[in-house]
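Here is what each chain is made of, one letter per residue.
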Amino acid sequence: MTLIRRISFVCATLLVTCALSQTYADAHSFLWKASNRQNAVYLVGSVHMLTKAYYPLSPTLEAAFKESDLLVEEVDLAELLAPTAQFQMLSRGMLPSNQTLDKVVSPSTLALVNKRVDTLGLPIEALMRFKPWSLALMMLGVEWQKAGFDAELGLDKHFYDRAQADGKAVQGFETADYQISRFDEMTMDQQDRLLAESLKELDTEKASVIALANAWKAGDIATVERVVLHDLKQDPQMYQRLLVERNRNWWPKLEALFNRRGHAFVVVGAAHLVGADGLIAMLRSKGYTVEQM
C-alpha cells in the first residue's frame, strides 16, 4: 500500500467499489453511534470517491442521517469547493518561479516521473512546476479517474448535497487552508518520498483499493485498521501529522456536539475512527457509550 493511499485514506480520498451481491443486512456499516446521558452523535467513516454502482447507500446510513439535524465533515464543503479555495490549492501546489521539479527531487524520483509521464502521454514541461506532493495527488487522481471513480459521487459530497436540500446545518472540523497545509508544509524529503512511493505502485492501486474497500463495506474494522494504520505508522512523523494531531484538534469540537439538542452526523476519513489514537477509542476512554451500527 503506497504512502499516498495511506494519506488519501486519512485526509482526502478513499476509493470504494462494492461486492454488490452482499446485502446490507449481512454486515455492519462503517458507522457508530456514540452517546452519553445528554445526547448521541453518529460517526461515519468517510468514502470520498465512489461510482454510481454504489448507490443507494445502506439504509442504516440513510436513517442515521435523516435523524440528524447537523452535518459535520472534515471541512465544510462550501468552503472547500469555493473558487478561492480551489485557486489556493493550485497556487500552493506550484513551485516558486525560480525552481523546477528536477531541482528539488532525487534523480531516481525524477526518473519515475518521466516514466509515468511517457505512459500517460502528458507534457513533462508543465508538470515540472508542480511541488512533489501536488504532483503525487494529481497523478493518483488520473489513475482513479481512469478507473471510473468520481468525487462528485463520494460520501462527503452525497451527504453535503442532502444537507443542502434538506435544510440541515453544515460545519467543518478544520479549514481548507489547514488541510492543504498538512501537505504543503512537508519537508522536501518527505514530499520526494511521497511522490516516489506513489509512482512505484500506481499500477496496482485499483486491485489494492478494491480489497480495502470491500473490508470497509463490510464494516470490517480489524482489516481496515490493519491495512491502513499499519502502513501509516511506518512513517511516525506522517502518522502524527495526518492523523493523531488532527484527531486531537477535533476532539473539543466533537465533545461539544453532545451538548446540542439535536443529533450530529459526523463524516470523516475512516482511518480517523479506528485504532488506539482514533476517535472511537478516544470516546470510549472518556466514558461515552459507542456502538457500531
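What counts and how
Residues numbered from 1 in each chain as written. Predicted model: local features only at pLDDT ≥ 70, side-chain atom pairs only at ≥ 80, totals over all residues. Heavy atoms only, no water. Helix = DSSP H or I, 4+ residues; strand = E, 2+ residues; numbered from the N terminus. Buried < 20%, exposed > 50% of the residue type's maximum accessible area, 1.4 Å probe, protein only. Polar contact = N/O pair within 3.5 Å; in protein donor to acceptor, adjacent residues only side chain to side chain. Salt bridge = Lys/Arg side-chain N within 4 Å of Asp/Glu carboxyl O. pLDDT = per-residue confidence, 0-100. Contact = heavy atoms within 4.5 Å. Phe/Tyr/Trp six-rings, centres within 6.5 Å; stacked < 30°, edge-to-face > 60°. Pairing = 2+ DSSP bridges. Axes fitted to C-alpha atoms, helices over the stretch in contact; angles between N-to-C directions. Core = buried A, V, L, I, M, F, W, Y, C linked by side-chain atoms within 4.5 Å.

### Some details on the side chain of serine 58
- Of note, serine 58 is situated in the loop between strand E2 (40-46) and helix H2 (59-67).
- In this structure serine 58 comes out as buried when scored by relative accessible area, which is 5%.
- Engagement of the side chain of serine 58 in a polar contact is seen with the side chain of serine 29, the distance being 3.2 Å.

### Notes on the pattern of salt bridges
- In total, this model carries 15 salt bridges according to the counting rule given.
- The shortest N-O distance in the salt bridge between glutamate 62 and arginine 162 comes to 2.5 Å. Of this pair, glutamate 62 sits in helix H2 while arginine 162 is found in helix H9 (residues 155-166), placing the two residues 100 residues apart along the sequence.
- The residue arginine 92 makes a salt bridge to aspartate 177 at a minimum N-O spacing of 2.6 Å. Taken together, the residues span a long stretch of sequence, with arginine 92 in helix H4 (residues 83-92) and aspartate 177 in helix H10 (residues 176-184) at a distance of 85 residues.
- Its relative accessible area of 35% is what places aspartate 177 among the partly exposed residues.
- Residues joined in a network through salt bridges with shared partners are Arg92, Lys131, Asp177 and Asp184.

### Regarding the confidence of the model for the protein
- In this model, the protein carries a mean pLDDT of 85, and residues with pLDDT of at least 70 account for 89%.
- Note on residues 1-6: pLDDT under 50 across the span, and 25 contacts to partners over four residues away in sequence or across chains.
- Counting contacts from residues 12-26, a segment whose pLDDT is below 50, to residues more than four positions away or on other chains yields 45 contacts.

### With respect to the packing of aromatic side chains
- Applying the stated criterion to the full structure yields 8 aromatic pairs.
- Between the aromatic rings of phenylalanine 30 and tryptophan 32, the centroid separation amounts to 5.0 Å while the plane-to-plane angle is 85 degrees, which identifies the pairing as edge-to-face.
- For phenylalanine 30, a relative accessible area of 2% translates into the label buried.
- Among the residues examined, tryptophan 32 registers a relative accessible area of 2% and is labelled buried.

### A short note on the environment of alanine 111
- Relative to the assigned elements, alanine 111 resides in helix H6 (residues 107-120).
- A relative accessible area of 43% places alanine 111 in the partly exposed class.
- Each C-alpha atom of the pair alanine 111 and alanine 196 lies 9.4 Å from the other, and the pair is 85 residues apart in sequence.

### Comments concerning the sheet that holds E2
- With respect to topology, 6 strands assemble into an open sheet ordered E4-E3-E5-E2-E1-E6, the strand pairing being mixed. The open sheet has two edge strands with one neighbour each: strand E4 (169-172) and strand E6 (289-292). Strand-to-strand twist in this sheet, taken as the mean axis angle between neighbours without regard to direction, amounts to 20 degrees.

### Quick notes on the nonpolar core
- If you look at the biggest cluster of nonpolar residues, it comprises 81 residues, and the most contacted ones within it are Leu43, Phe159, Leu254, Phe265, Val266 and Leu283.
- Among the elements that take part in this core, helix H14 (residues 236-256) stands out by supplying 8 residues, more than any other.
- Apart from residues lying up to four places away in sequence, leucine 254 is in contact with Val41, Leu43, Phe173, Val266, Leu279 and Leu283.

### Considering the environment of leucine 120
- Within the secondary structure, leucine 120 is located in helix H6.
- For leucine 120, a relative accessible area of 22% puts it in the partly exposed group.
- Between the alpha carbons of leucine 120 and methionine 139 there is a distance of 9.6 Å; along the sequence they are 19 residues apart.
- Discounting chain neighbours no more than four positions away, the residues touching leucine 120 are Met139, Val142, Glu143 and Lys146.

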